Amino acid sequence: MGVFDKFFYQRVLDRWSKAARAARDTDLSTLRRQRSRAKQLQARLNELIAVSESRLALPLIGTKAMRRPAGSDWAWRPQLWREPLMTPGYASVENKTSFGPEATIFHDCKVTELTVRQLRNHRDSDLAPFGMRMDVFRFDGSYLSMVVDLPEEAAQGLKKRHLVRMDTIVEMEKPLEIFARLNVKHGPNTEQIVRELPLHEEEVMVEFDLAYTKMNEKRVERMWVDLIFEGPEMNQIILRDVTFSRRPRAEL
């Protein structure tokens, strides 16, 4: 705010403060005119306050704030839940449709009645700026999944003593099962670990213990996670947030 704006603001504030103090003794015709102007001003101020409180309460776009488990040596939130996408949504989603740079939708439907859209989070409990909504109507396929490619940093220095964790916030119209499958490519082989998301619990998270795999630590190339939705027909699924992290298991 410039010097002139501050001066003008103070003059207007002083004027209305003076009018308010004198309201009990102001003649009725003047008071009626002041009331009309005050109501017009009040409507504009209420609109400004409502919009500003709504916007200022939203998580900041690009924020890296997340629940990071103690001891983590890497944590990440995909762009779909972090930044606005160039194309915020798709209708009649085809197989292998990319939704942001890291997420891809897979299905085998003959007739596609599936829409996906990025939406702005606004709840006090939300840390992610954006969420992802999936509306599924008639579903004649045998599978529906979303693949999230993890960045190179996730695979760098990966050891069998690492625990890889996924945290998410899920909303749905009716119950369904969601499975998360971690894939670790090492050389010509790929290790897979499947976990069912505990949707009945307050904290929805799964951990993948690499100690039980045959992963070759020297040949790890990349990782990705498949989110598999079982029985998604006639349902709306919202993923308010999805984050990944890894931490080394404590040495015994």
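In this report, we go over the structure that sits alongside the text.

Criteria and thresholds
Residues numbered from 1 in each chain as written. Predicted model: local features only at pLDDT ≥ 70, side-chain atom pairs only at ≥ 80, totals over all residues. Heavy atoms only, no water. Helix = DSSP H or I, 4+ residues; strand = E, 2+ residues; numbered from the N terminus. Rg over C-alpha atoms; globule rule 2.2 N^0.38 Å. Buried < 20%, exposed > 50% of the residue type's maximum accessible area, 1.4 Å probe, protein only. Contact = heavy atoms within 4.5 Å. Lys, Arg positive; Asp, Glu negative; His and termini not counted. Charge placed at Lys NZ, Arg CZ, Asp CG, Glu CD. Pairing = 2+ DSSP bridges. Salt bridge = Lys/Arg side-chain N within 4 Å of Asp/Glu carboxyl O. Phe/Tyr/Trp six-rings, centres within 6.5 Å; stacked < 30°, edge-to-face > 60°. Lys NZ or Arg CZ within 6 Å of the ring centre and 35° of its normal. Core = buried A, V, L, I, M, F, W, Y, C linked by side-chain atoms within 4.5 Å.

**What about the overall build of the protein?**
Then comes step 1: Along its length, the protein carries three helices and 13 strands.
Then comes step 2: In terms of C-alpha radius of gyration, the protein reaches 26 Å, well past the compact-globule figure of 18 Å for 252 residues.
Then comes step 3: When its C-alpha atoms are laid out on the principal axes, the protein stretches across 90 × 50 × 30 Å.
Then comes step 4: The proportion of buried residues among the 252 residues of the protein is 40%.
Then comes step 5: Here the analysis covers contacts within the protein between residues at least 6 apart in sequence; of these, 71% occur between residues at least 24 apart.
Then comes step 6: Once the 41 positive and 37 negative side-chain charges of the protein are each reduced to a mean point, those two points are 8 Å apart.

**A closer look at the sheet that holds strand 9 (residues 177-186)**
Then comes step 1: Pairing is antiparallel in the open sheet, where six strands are placed in the order 3-4-7-12-9-10. Taken across any chain shown, the strands that pair with only one partner, and hence form the sheet edges, are strand 3 (97-98) and strand 10 (189-196).
Then comes step 2: Bridge count between strand 4 (residues 103-107) and strand 7 (residues 144-149): five bridges; the pairing is antiparallel. Looking at the pairing, Phe-106 lines up with Ser-145 of strand 7.

**Some remarks on the pattern of salt bridges**
Then comes step 1: Evaluation of the coordinates by the stated rule reveals ten salt bridges.
Then comes step 2: Across the pair Asp-241 and Arg-77 runs a salt bridge whose closest N-O atoms are separated by 2.9 Å. Of this pair, Asp-241 sits in strand 13 (residues 235-248) while Arg-77 is found in the loop between strand 1 (74-76) and strand 2 (89-90), placing the two residues 164 residues apart along the sequence.
Then comes step 3: Among the ionic pairs, Arg-133 bridges to Asp-135, the shortest N-O distance being 3.0 Å.
Then comes step 4: Among the residues examined, Asp-135 registers a relative accessible area of 12% and is labelled buried.

**Observations concerning the packing of aromatic side chains**
Then comes step 1: Following the criterion strictly, the structure yields three aromatic pairs and no others.
Then comes step 2: The interplanar angle of 25 degrees and the centroid separation of 6.3 Å between the aromatic rings of Trp-74 and Trp-76 together place this pair among those described as stacked.
Then comes step 3: With relative accessibility at 8%, the residue Trp-74 sits in the buried group.
Then comes step 4: Geometrically, the ring pair formed by Tyr-90 and Phe-99 is edge-to-face, given 5.9 Å between the ring centres and 75 degrees between the ring planes.
Then comes step 5: Through a chain of ring-to-ring contacts, the aromatic side chains of Trp-74, Trp-76 and Phe-244 assemble into a single cluster.
Then comes step 6: Directly above the aromatic system of Phe-130 lies the positively charged group of Arg-120, at a separation of 5.2 Å from the ring centroid.

**A short note on the pairing of strand 6 (residues 130-136)**
Then comes step 1: Of all seven residues in strand 6, six are buried; the element is thus mostly enclosed.
Then comes step 2: Summarising the sheet, strand 5 (residues 114-120) and strand 6 pair through seven bridges and their orientation is antiparallel. Looking across to strand 6, one finds that Arg-120 is bridged to Phe-130.
Then comes step 3: Examined bridge by bridge, strand 6 and strand 13 share five bridges and lie antiparallel to one another. When the bridges of strand 13 are listed, Met-132 appears paired with Leu-239.

**Focus: the environment of Phe-139**
Then comes step 1: Looking at where Phe-139 falls in the secondary structure, it is placed in the loop between strand 6 and strand 7.
Then comes step 2: Taking the C-alpha atoms as reference points, Phe-139 and Trp-81, 58 residues apart in sequence, are found 26 Å from one another.
Then comes step 3: Here Phe-139 is in contact with Cys-109, Leu-144, Pro-232 and Glu-233, once residues within four sequence places are set aside.

**Things to note about the nonpolar core**
Then comes step 1: Membership of the largest hydrophobic core comes to 48 residues, with the highest contact counts inside it found for Met-134, Met-146, Leu-150, Met-166, Phe-229, Leu-239 and Phe-244.
Then comes step 2: Sorting elements by how many residues they give to this core places strand 12 (residues 220-230) first, with five residues.
Then comes step 3: Beyond its immediate chain neighbours, meaning those up to four positions away, Leu-239 contacts Trp-81, Gly-131, Met-132, Met-146, Thr-168, Ile-169, Val-170, Leu-227 and Phe-229.

**Details of the environment of Arg-161**
Then comes step 1: Among the structural elements, Arg-161 can be located in the loop between helix 3 (152-155) and strand 8 (162-172).
Then comes step 2: Separated by 68 residues in the primary sequence, Arg-161 and Phe-229 have C-alpha atoms spaced 29 Å apart.

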